[in-house]
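Take a look at the letters that make up each chain.
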Amino acid sequence: MSAVLDLDRLTATAAQAAAVAARELLRRRGTRVAVRTKEGDAPVSDADLAAEHHALAILRAYTPEYGIVSEESDPVGPGDGRPTWIVDPLDGTTNYLRGLPDYAVALALVVEGRTLLSLIRLPESGTVFRAAAGQGAYRDGVPLRLPAAPPGGRPLVGTGFGTDGVVRGSQRSVADRLLNAGFEIREPGSASTGLCRVASGAYDGYLEFGIGVWDTVPGALLVAEAGGVVTGWGGGPFTPRLGHLVAAAPAVHGELVEAGGPCPPVAAPGGAA
């Protein structure tokens, strides 16, 4: 199936879907936005839903035969083997609502269990990160390639802190281990943003657990195609539905896996990739 797909056309479709979602988010920026909480006490706003509506309209118009897993409207997906879009219309809702720039629109296409393309748009800057399997990773059309060795000083890694109390307790333990192992830590508030920073060399790595396929799949391909190493927690295979990943520059990945310690038994919030 994947051999006959036109990845250039599909990447253009993803770019259009991300662009219309980003425009909707920027249009609503600074306005009064209704917010509610969903399972796990995570916020979802009218802006999330509106951006998702516009993105999915594009995907359904150009690829009507494809399935969709989208964080807000269909977090489970078709499960019937079709090529499937993974969509996060607003990764970083709290940042968005607080006026912080670190939020993203993220998409990926999964075919027969393999991620073939991904695209992440940062609405505030208009920067677009994209990758296709075996074809490299790019930021605004410029190829990305991680350096053989990170810059001097302590390695800098990103992580996230969920809204669920059980998850947050375990994440505090991980943060302590990272600090004790000599890492500097940043919390971007958006896994997609953090993974873009790994792919571009701004972070040496990113790790998180208890998150959905829409949080991990787009950025994981980006890091891998930029020359990074992407695994599950503990260094095993990256399995999106398990809800955890460690993505890092090759020189840092092993040390980061070791510092992360055992992965707590925390379920991912959904997704079928």
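> Teacher, can you tell me more about the environment of Gly232 here?
Within the fold, Gly232 resides in the loop between β13 (229-231) and β14 (244-248). In this structure the C-alpha to C-alpha distance between Gly232 and Ala55, which are 177 residues apart in sequence, comes to 29 Å. When near neighbours in sequence (up to four residues on either side) are disregarded, Gly232 contacts Pro237, Phe238, His244, Leu245 and Val246.

> Explanation requested: the sheet that holds strand β3 (residues 67-70) in the structure shown.
Each strand in a sheet pairs with another by means of backbone hydrogen bonds, the pair being arranged parallel or else antiparallel. Across the sheet, seven strands lie side by side as β3-β4-β5-β6-β7-β8-β9; this open sheet has mixed pairing. Two strands close off the open sheet at either side, each with one partner strand: β3 and β9 (142-144). Adjacent strand axes in the sheet meet at a mean angle of 20° when their direction is disregarded. Pairing between β3 and strand β4 (residues 84-91): four bridges, direction parallel. By the bridge assignment, Gly67 is partnered in β4 with Thr84. Each of β3, β4 and β5 (104-111) is contacted by helix α2 (residues 46-62), which is oriented at about 155° to β4, the strand it contacts most.

> Got a minute to help me understand the environment of Leu56 in this structure?
By the element assignment, Leu56 lies in helix α2. Taking the relative accessible area as the measure of exposure, Leu56 reaches 4% and is therefore buried. Once the C-alpha coordinates of Leu56 and Arg241 are considered, the two residues, 185 residues apart in sequence, prove to be 21 Å apart. Not counting residues up to four positions away in its chain, the partners in contact with Leu56 are Ile68, Ser70, Ser73 and Val87.

Rules behind the numbers
- Residues numbered from 1 in each chain as written.
- Predicted model: local features only at pLDDT ≥ 70, side-chain atom pairs only at ≥ 80, totals over all residues.
- Heavy atoms only, no water.
- Helix = DSSP H or I, 4+ residues; strand = E, 2+ residues; numbered from the N terminus.
- Contact = heavy atoms within 4.5 Å.
- Pairing = 2+ DSSP bridges.
- Axes fitted to C-alpha atoms, helices over the stretch in contact; angles between N-to-C directions.
- Buried < 20%, exposed > 50% of the residue type's maximum accessible area, 1.4 Å probe, protein only.

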